[in-house]
Amino acid sequence: MRYSALSIFLNGLRGNQSWKPAWREPQPKSHYDVIIVGGGGHGLATAYYLAKEFGVTNVAVIEKSYIGSGNVGRNTTIIRSNYLLPGNNPFYEYSMKLWESLEQELNFNAMVSQRGVLNLFHSDAQRDAYTRRGNAMLLHGVDAELLDRTAVRKMLPFLDFDNARFPIQGGLLQRRGGTVRHDAVAWGYARGADQRGVDIIQNCEVIGIRRDNGRVTGVETTKGFIRCAKLGLAAAGNSSRVASMAGLKLPIESHVLQAFVSEGLKPFIDGVITFGAGHFYVSQSDKGGLVFGGDIDGYNSYAQRGNLATVEHVAEAGKAMIPGISRVRVLRSWGGIMDMSMDGSPIIDRTSLDNLYLNAGWCYGGFKATPASGFCFAHLLARGVAHETARAFRFDRFERGHLLDEKGQGAQANLH
Ligand SMILES: Cc1cc2nc3c(=O)[nH]c(=O)nc-3n(C[C@H](O)[C@H](O)[C@H](O)COP(=O)(O)OP(=O)(O)OC[C@H]3O[C@@H](n4cnc5c(N)ncnc54)[C@H](O)[C@@H]3O)c2cc1C
């Protein structure tokens, strides 16, 4: 069924009785050409592009819970392509281009809203770093604008410009950045993949990976053994756990990242604002709630909840940036498990097992990457070679010492 204004009208006339489920609930087959572990954004996008772009339709996405229950439905919905390094910039810009046509592509309202992402700077050194990043973006054909203090004040008069510790000097703006309704992305890709024959198997946990002679033969699941010719892992925060079932030890640690939503307020924040002097970022949802977050909790965990110390830190940083929010009440908070790589950049690559492929290490920035990650992983699974925009995301960079360290923080997962 194609979604359109006409279909809403006609279904309304029929008492909304003829809507069909957006995807089937199939029983697993005994064999697939490709199995993807993880029904998050990346796994579902991979299955969609495998079927649509590469003609591989005998595919299953195996999800231990319901689709969208992981980070794809827990993130703060920000998309952007404001990266500095040549290995990152083309990939995230490719993703941005895919976002720009995603709703038409999927025939699904994902509320893609290019409302702008502004990174504030608070010192001369930070201004220089942001100028360099903005210039790198422009050289790659990505939009970037450096705003001075007056221009930022005109846009966002409620910020604390004269904060004694963190005076705001200006900001780096990417107008094409913005937000996308996160779980709609999972649903849209799931519907598109299902329409092309992909089986989405929910409530089915992968509990083992069977191997023979350096090759994967299939996966043990809570619904039985399923054979496959190729296996792709897209389990985000659980990547190291799933990979260990195949005897692999990944350069990844799992940490919690929390997010928060406030009570509904009248609209006052148009875009996304990030605080350059600490870890805080905020946007306002269509319902009026402030959607915000900060740093990861900093200790290793597979729990989808965080601790109060980070809540306090986030509240302090938010108040330093926008004093007026100090009396706003927080309605909800939650956590997600982040697959933190050692250099802060992802891995899309083959593994030491012949037909086992890995998509992981997204840290807390993988939502914006969803379309390109899905496309590039599908490319790798179907053709056996890396897509040109994802060449820098190979495993061997850790062996060669050629890290892709966007922030320049060094090889320490919790700092990225
Ligand atoms: C609070 C928070 C805020 C964030 N904000 C942003 C943001 O603003 N912008 C941005 O770009 N990124 C953001 N991120 C990061 C982004 O959400 C993730 O990097 C991205 O969603 C990860 O890819 P995914 O969608 O495939 O992951 P997930 O949705 O987590 O998918 C992985 C799936 O694998 C399943 N799985 C795990 N183990 C098994 C198993 N054994 N068998 C079967 N299935 C299994 C899980 O249940 C899960 O559904 C944020 C994350 C969090 C938690």
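Residues numbered from 1 in each chain as written. Predicted model: local features only at pLDDT ≥ 70, side-chain atom pairs only at ≥ 80, totals over all residues. Heavy atoms only, no water.

Side note on helix H3 (residues 89–100)
Then step 1. Compared with the 16 Å implied by 1.5 Å per residue over twelve residues, the 17 Å span of H3 between its first and last C-alpha is a close match.
Then step 2. Turning to H3, its buried residues number three or more, namely Asn89, Phe91, Tyr92, Glu93, Ser95, Met96, Leu98 and Trp99. (Helix = DSSP H or I, 4+ residues; strand = E, 2+ residues; numbered from the N terminus. Expected span 1.5 Å × (residues − 1). Buried < 20%, exposed > 50% of the residue type's maximum accessible area, 1.4 Å probe, protein only.)

Quick look at the UniProt feature "domain: Rhodanese" (unreviewed entry) in the chain
Then step 1. UniProt feature "domain: Rhodanese" (unreviewed entry): in the numbering of this structure it lies at residues 34–78.
Then step 2. Taken end to end, residues 34–78 comprises 31% helix and 20% strand; its first and last C-alpha atoms sit 30 Å apart. (UniProt positions renumbered as here; feature names shortened; annotations may be inferred.)

Observations regarding the state of the cysteines
As used in these notes, a disulfide is a covalent bond between sulfur atoms, one from each of two cysteines.
Then step 1. On inspection of all chains with the given rule, the structure shows zero disulfides.
Then step 2. Summary of cysteine pairing: Cys204 is not part of a disulfide, and the nearest cysteine sulfur, belonging to Cys228, is at 13 Å. (Disulfide = S-S within 2.5 Å.)

A closer look at the site of the ligand
Then step 1. In the vicinity of the ligand there are 37 residues, among which Glu63, Asn71, Val72, Thr76 and Lys368 approach most closely.
Then step 2. A distance of 2.9 Å separates a nitrogen atom of the ligand from a polar backbone atom of Ile78.
Then step 3. Measuring from an oxygen atom of the ligand, one finds a backbone N or O atom of Gly365 at 3.2 Å.
Then step 4. Protein contact buries 97% of the 1000 Å² of open area that the ligand shows by itself.
Then step 5. Contributions of two or more residues to the shell around the ligand are made by helix H2 (41–54), strand S12 (252–264) and strand S16 (330–341).
Then step 6. The leading source of residues in the shell around the ligand is S12, at three residues.
Then step 7. Classifying every residue of the shell around the ligand by side-chain character gives 17 nonpolar, 15 polar and five charged. (Near = heavy atom within 4 Å. Polar contact = N/O pair within 3.5 Å; in protein donor to acceptor, adjacent residues only side chain to side chain. Areas by Shrake-Rupley, 256 points an atom, 1.4 Å probe, with all protein chains shown as cover. Nonpolar A, V, L, I, M, F, W, Y, C, P; charged D, E, K, R; others polar.)

What about unusual backbone geometry?
Then step 1. Positive phi values are uncommon outside glycine, yet Asn107 reaches one of about 55 degrees.
Then step 2. By the element assignment, Asn107 lies in the loop between helix H4 (102–106) and strand S4 (117–121).
Then step 3. You will see that Cys363, though not glycine, has its phi angle at about 50 degrees, which is positive.
Then step 4. Position of Cys363 relative to the elements: it lies in the loop between strand S18 (356–360) and helix H10 (370–383).

Concerning the pattern of salt bridges
Two side chains that carry opposite charge are able to pair once their charged atoms sit near each other.
Then step 1. Enumeration over the complete set of coordinates arrives at 19 salt bridges.
Then step 2. The closest approach of N and O atoms between Lys97 and Glu93, which form a salt bridge, is 3.2 Å. Taken together, the residues span about one helical turn, with Lys97 and Glu93 both in helix H3 at a distance of four residues.
Then step 3. Glu93 sits in the buried class, given a relative accessible area of 5%.
Then step 4. For Asp162, the salt bridge goes to Arg149, with nearest N and O atoms at 2.5 Å. Taken as a pair, Asp162 in the loop between helix H6 (149–155) and strand S6 (170–174) and Arg149 in helix H6 lie far apart in primary sequence, 13 residues in all.
Then step 5. A relative accessible area of 54% means that Asp162 is categorised as exposed. (Salt bridge = Lys/Arg side-chain N within 4 Å of Asp/Glu carboxyl O.)

A closer look at the packing of aromatic side chains
Then step 1. One pass over the full model with this rule turns up 19 aromatic pairs.
Then step 2. A centroid spacing of 6.0 Å and a plane angle of 75 degrees characterise the contact between Tyr3 and Trp19, whose relative ring orientation is edge-to-face. One end of the pair, Tyr3, is in the segment before helix H1 (5–13); the other, Trp19, is in the loop between H1 and strand S1 (31–37), and 16 residues separate them in sequence.
Then step 3. Judged by its relative accessible area of 27%, Tyr3 falls in the partly exposed class.
Then step 4. Overall, the relative accessible area of 33% leaves Trp19 in the partly exposed class.
Then step 5. By way of ring pairs, the aromatic residues Tyr48, Tyr49, Phe54, Tyr94, Tyr189 and Phe375 are connected into one cluster.
Then step 6. Here the guanidinium or amino end of Arg191 rests over the ring plane of Tyr3, the centre of that ring lying 3.7 Å away.
Then step 7. A cation over an aromatic ring shows up here: Arg210 above the ring of Phe225, its NZ or CZ 3.7 Å from the ring centre. (Phe/Tyr/Trp six-rings, centres within 6.5 Å; stacked < 30°, edge-to-face > 60°. Lys NZ or Arg CZ within 6 Å of the ring centre and 35° of its normal.)

Here we look at the environment of Leu308
Then step 1. Here Leu308 lies in helix H9 (residues 308–321).
Then step 2. Judged by relative accessible area, which is 67%, Leu308 ranks as exposed.
Then step 3. Between the C-alpha atoms of Leu308 and Asp297, which are eleven residues apart in sequence, the distance is 9.4 Å.

A look at the sheet that holds S16
Then step 1. One open sheet holds the eight strands; their spatial order is S5-S6-S4-S13-S14-S15-S12-S16, and the pairing between them is mixed. On the outer flanks of this sheet lie strand S5 (145–148) and S16, each paired with one strand and no other. Each neighbouring strand pair of the sheet contributes to a mean axis angle of 25 degrees, computed without reference to strand direction. (Pairing = 2+ DSSP bridges. Axes fitted to C-alpha atoms, helices over the stretch in contact; angles between N-to-C directions.)

What about the packing of H2 against helix H7 (residues 182–195)?
Then step 1. The N-to-C vectors of H2 and H7 enclose an angle of 30 degrees; their axes lie 8 Å apart at closest approach. Classed by the angle they form, the pair H2 and H7 counts as roughly parallel. Handedness of the crossing formed by H2 with H7: left-handed. Taking contact as the criterion, the partners of Leu44, Ala45, Ala47, Tyr48 and Tyr49 in H2 are, on H7, Ala186, Tyr189, Ala190, Gly192 and Ala193.
Then step 2. Here the contact of H2 with H7 is built from residues that sort into nine nonpolar, one polar and no charged. (Parallel < 35°, antiparallel > 145°, perpendicular 65-115°, else oblique. Left-handed = near helix turned anticlockwise from the far one by under 90°. Contact = heavy atoms within 4.5 Å.)

Some remarks on the environment of Thr57
Then step 1. Mapped onto the elements, Thr57 comes out in the loop between H2 and strand S2 (59–62).
Then step 2. You can call Thr57 partly exposed: its relative accessible area is 38%.
Then step 3. A C-alpha to C-alpha distance of 5.9 Å links Thr57 and Val198, two positions 141 residues apart in sequence.
Then step 4. In this structure, Thr57 is in contact with Ala51, Arg196, Gly197 and Val198, ignoring residues within four places of it in sequence.

Things to note about the pairing of S18
Then step 1. Counting buried positions over the five residues of S18 gives five, a clear majority of the element.
Then step 2. Of the two faces of S18, the one lined by Leu356, Leu358 and Ala360 and the one lined by Tyr357 and Asn359 are each fully buried.
Then step 3. Alignment of strand S11 (residues 224–233) against S18, held across three bridges, turns out to be parallel. By the bridge assignment, Leu231 is partnered in S18 with Leu356.
Then step 4. Alignment of strand S17 (residues 347–350) against S18, held across four bridges, turns out to be antiparallel. For Ile347, the partnering residue across the bridge sits in S18 and is Ala360.
Then step 5. Connecting S17 to the antiparallel partner S18 that follows it, the hairpin turn spans five residues.

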